[in-house]
Amino acid sequence: MSIAMEAFQNALEAKRSGQKCPIHGCDKLVYFSLRTKQDEAYCPECQNEQLLKMQAEFDQKASRSINERKFRDNSLVSPKMWACTFDSFVAAPNTREAFMKHKISRAADAFAAKNTAHNAVLYGQPGAGKSHLAMALMQKVHKESQQTMAFVNISRLFNKIKNSFEDPTEYWTKEKAIQIMTSVDLLCIDDLGTESSMGRQGQEASRWVQDVIYDVLENQDRIIITTNLSDKQLRQVYDSKIFSRIFANSANTRFDFSGISDKRLEGV
Ligand SMILES: [Zn+2]
């Protein structure tokens, strides 16, 4: 018998027990329990609250799993990256890695607490753990605040968009990409700068690539950016409008990973 049916059945067969509910002050009712084979007293108000709570928990669970799936659908990232959390980021105590982990975890708390305009930039040489910590931040914010998210690796993105020029079934068209990246509450652009090598001009990112990045930066004011480029290199690769957008609203959330050993080589 369902819980709702049981409650209904109980109400039909109820007699007053003479006891009061200490919480609600109403009369407790009695029903004969088929489970315990004896009379049980219960408060109808308590029972109602319990039902509502179960309903709310169920709804929350359902909306969480929808939200979780959406985060993944909105992302372009190697599947193994989903294992990147703060717990899985190994850093020996009192090292620079441990310090960065702590700082970025604090930034995650700030992003989770408030949905205000803010960027964060994680920069420095490859292999220092920037993408790992950026993903850890995204997953923590998502878990704690249920904000909508997208984690987009930039070279995967531009490969998809390039593909969409010839393949009409490609989901990630330029328009779709911009729509996703500007509509989420928090966006991570992973490995900014790697797409610059895709342009014919070598160092300078090709025009349409810059246009997409500019459109996103113009219309999304909460972005976590990881890049292997230094600020000097970013200035060479992107035009000044993009450069200043990248560094807007990130005064206290720029994380310099230079001088950190290659995390990818550790423990392998
Ligand atoms: Zn009660």
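One structure accompanies this document, and this report is about it. The structure displayed is predicted, hence computed values, not measured ones.

1. Details of the coordination of the zinc ion
Each pair of donors in an ideal four-coordinate tetrahedral metal site encloses 109.5 degrees, whereas pairs in an ideal six-coordinate octahedral site enclose 90 or 180 degrees.
Right, so step 1: At this site the zinc ion is bound by Cys21 (SG), His24 (ND1), Cys43 (SG) and Cys46 (SG), with donor distances of 2.0 to 2.4 Å.
Right, so step 2: Around the zinc ion, the four donor atoms sit at angles spanning 107 to 111 degrees, and that spread fits a shape best called tetrahedral.
Right, so step 3: Each donor residue of the zinc ion belongs to the same chain, and together they define the spacing C-x2-H-x18-C-x2-C. Linking His24 in the loop between strand S1 (15-20) and strand S2 (27-33) with Cys46 in helix H2 (residues 44-73), this pair joins segments that are 22 residues apart in sequence.
Right, so step 4: Its relative accessible area of 28% is what places His24 among the partly exposed residues.
Right, so step 5: The exposure class of Cys46 is partly exposed, given its relative accessible area of 25%.

2. Notes on the sheet that holds strand S4 (residues 120-123)
Right, so step 1: With respect to topology, five strands assemble into an open sheet ordered S5-S6-S7-S4-S8, the strand pairing being parallel. Two strands close off the open sheet at either side, each with one partner strand: strand S5 (149-153) and strand S8 (254-256). Averaged over all adjacent pairs, the angle separating strand axes in this sheet is 10 degrees, with direction ignored.
Right, so step 2: Bridging between strand S6 (residues 186-192) and strand S7 (residues 223-227) involves four bridges; their strand directions are parallel. From the neighbouring strand, Leu187 faces S7, where its bridge partner is Ile223.
Right, so step 3: Lying on the sheet, helix H3 (residues 96-113) is in contact with S4, S6, S7 and S8; it crosses S8 at an angle near 165 degrees.
Right, so step 4: Sheet contacts for helix H4 (residues 130-145): S4, S5, S6 and S7; angle to S5, the most-contacted strand, approximately 165 degrees.

3. What about the packing of aromatic side chains?
Right, so step 1: Enumeration over the complete set of coordinates arrives at four aromatic pairs.
Right, so step 2: Directly above the aromatic system of Trp82 lies the positively charged group of Arg72, at a separation of 4.4 Å from the ring centroid.
Right, so step 3: Directly above the aromatic system of Tyr214 lies the positively charged group of Lys241, at a separation of 4.3 Å from the ring centroid.

The rules behind these values
- Residues numbered from 1 in each chain as written.
- Predicted model: local features only at pLDDT ≥ 70, side-chain atom pairs only at ≥ 80, totals over all residues.
- Heavy atoms only, no water.
- Donors = N, O, S within 2.8 Å, 3.2 Å for Na, K, Ca; no water.
- Tetrahedral: all angles 85-135°; square planar, octahedral: opposite > 155°, others 65-115°.
- Helix = DSSP H or I, 4+ residues; strand = E, 2+ residues; numbered from the N terminus.
- Buried < 20%, exposed > 50% of the residue type's maximum accessible area, 1.4 Å probe, protein only.
- Pairing = 2+ DSSP bridges.
- Axes fitted to C-alpha atoms, helices over the stretch in contact; angles between N-to-C directions.
- Contact = heavy atoms within 4.5 Å.
- Phe/Tyr/Trp six-rings, centres within 6.5 Å; stacked < 30°, edge-to-face > 60°.
- Lys NZ or Arg CZ within 6 Å of the ring centre and 35° of its normal.

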